[in-house]
Amino acid sequence: MTNPRLAIAVTIGLAIGLAVVLPVAWLINNRDWGVGLMLLVPFIVYGMMRLARVLEAWARNPPPLPHSSTRDRPPR
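Keep in mind that what you see is a predicted model, and the values were worked out from it rather than measured. Throughout, residues of each chain are indexed from 1 in the direction in which the sequence is written. The predicted origin of the model limits local features to residues at a pLDDT of at least 70 and limits the giving and counting of side-chain atom pairs to 80 or more, whereas totals for whole chains, interfaces and linings rest on all residues. Heavy atoms throughout the structure, all of them, feed into the side-chain values; hydrogens and water do not.

With respect to the side chain of Arg-5
Move 1: Counting from the N terminus, the helices are DSSP H or I runs at least four residues long and the strands are E runs at least two residues long. Inspection of the secondary structure puts Arg-5 in helix 1 (residues 4–30).
Move 2: Any N or O atom pair separated by 3.5 Å or less is treated as a polar contact, with the protein-specific requirement of one donor-capable and one acceptor-capable atom, and with residues adjacent in sequence counted only for side-chain atom pairs. In terms of polar contacts, Arg-5 uses its side chain to reach the backbone carbonyl oxygen of Trp-58, at 3.0 Å.
Move 3: A polar contact of 2.8 Å, which involves the side chain of Arg-5, links it to the backbone oxygen of Asn-61.

Next up, the structure:
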């Protein structure tokens, strides 16, 4: 794989998605007041979409090049 950041971003996104969706779905299903959480679901989905965009931007952005003192010198 040429870009390990992409695999890291996918793993982080799946882990956070699982950590958010499973408890919310369990609460909606098993608690009487859980139906009220359905009002929050659009905001949760929107937040997860924003997170996915941030992770994708981080994964697609190339890592910085190693510092070289001769590269930063102005031409003579």
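Structural notes on the packing of helix 1 against helix 2 (residues 41–60)
Move 1: Axes here refer to lines fitted to C-alpha atoms; in helices the fit is confined to the stretch in contact. Angles between the N-to-C directions go from 0 to 180 degrees. For the pair helix 1 and helix 2, the least separation of the axes is 9 Å and the interaxial angle reads 170°. On the basis of the axis angle, helix 1 is roughly antiparallel to helix 2. Facing helix 1, whose interface residues are Arg-5, Leu-6, Ile-8, Ala-9, Ile-12, Gly-13, Ile-16, Gly-17, Val-20, Val-21, Val-24 and Ile-28, helix 2 presents Val-41, Ile-44, Met-48, Leu-51, Leu-55, Trp-58, Ala-59 and Arg-60.
Move 2: Three classes are used: nonpolar for Ala, Val, Leu, Ile, Met, Phe, Trp, Tyr, Cys and Pro, charged for Asp, Glu, Lys and Arg, and polar for all others, with Gly counted as polar. A class-by-class count of the residues in the contact of helix 1 with helix 2 yields 16 nonpolar, 2 polar and 2 charged. Oblique is the label for any angle not under 35 degrees, not over 145, and not in the 65 to 115 range, which are roughly parallel, roughly antiparallel and roughly perpendicular in turn. Note on contacts: a residue pair is in contact if any heavy atoms of the two residues lie within 4.5 Å.

Section: the pattern of salt bridges
Pairing of side chains with opposite charge becomes possible as their charged atoms draw close.
Move 1: The rule for a salt bridge is simple: a side-chain nitrogen of Lys or Arg has to be within 4 Å of a carboxyl oxygen of Asp or Glu. Inspection of the entire model under this criterion finds 1 salt bridge.
Move 2: A salt bridge links Arg-60 to Glu-56; its shortest N-O distance comes to 3.3 Å. Within this pair, Arg-60 and its partner Glu-56 are both found in helix 2, separated by 4 residues, close to a single helical turn.
Move 3: We call a residue buried when its accessible area falls under 20% of the maximum for its residue type, exposed when it is over 50%, and partly exposed in between, using a 1.4 Å probe and counting protein chains only. Judged by its relative accessible area of 41%, Glu-56 is partly exposed.

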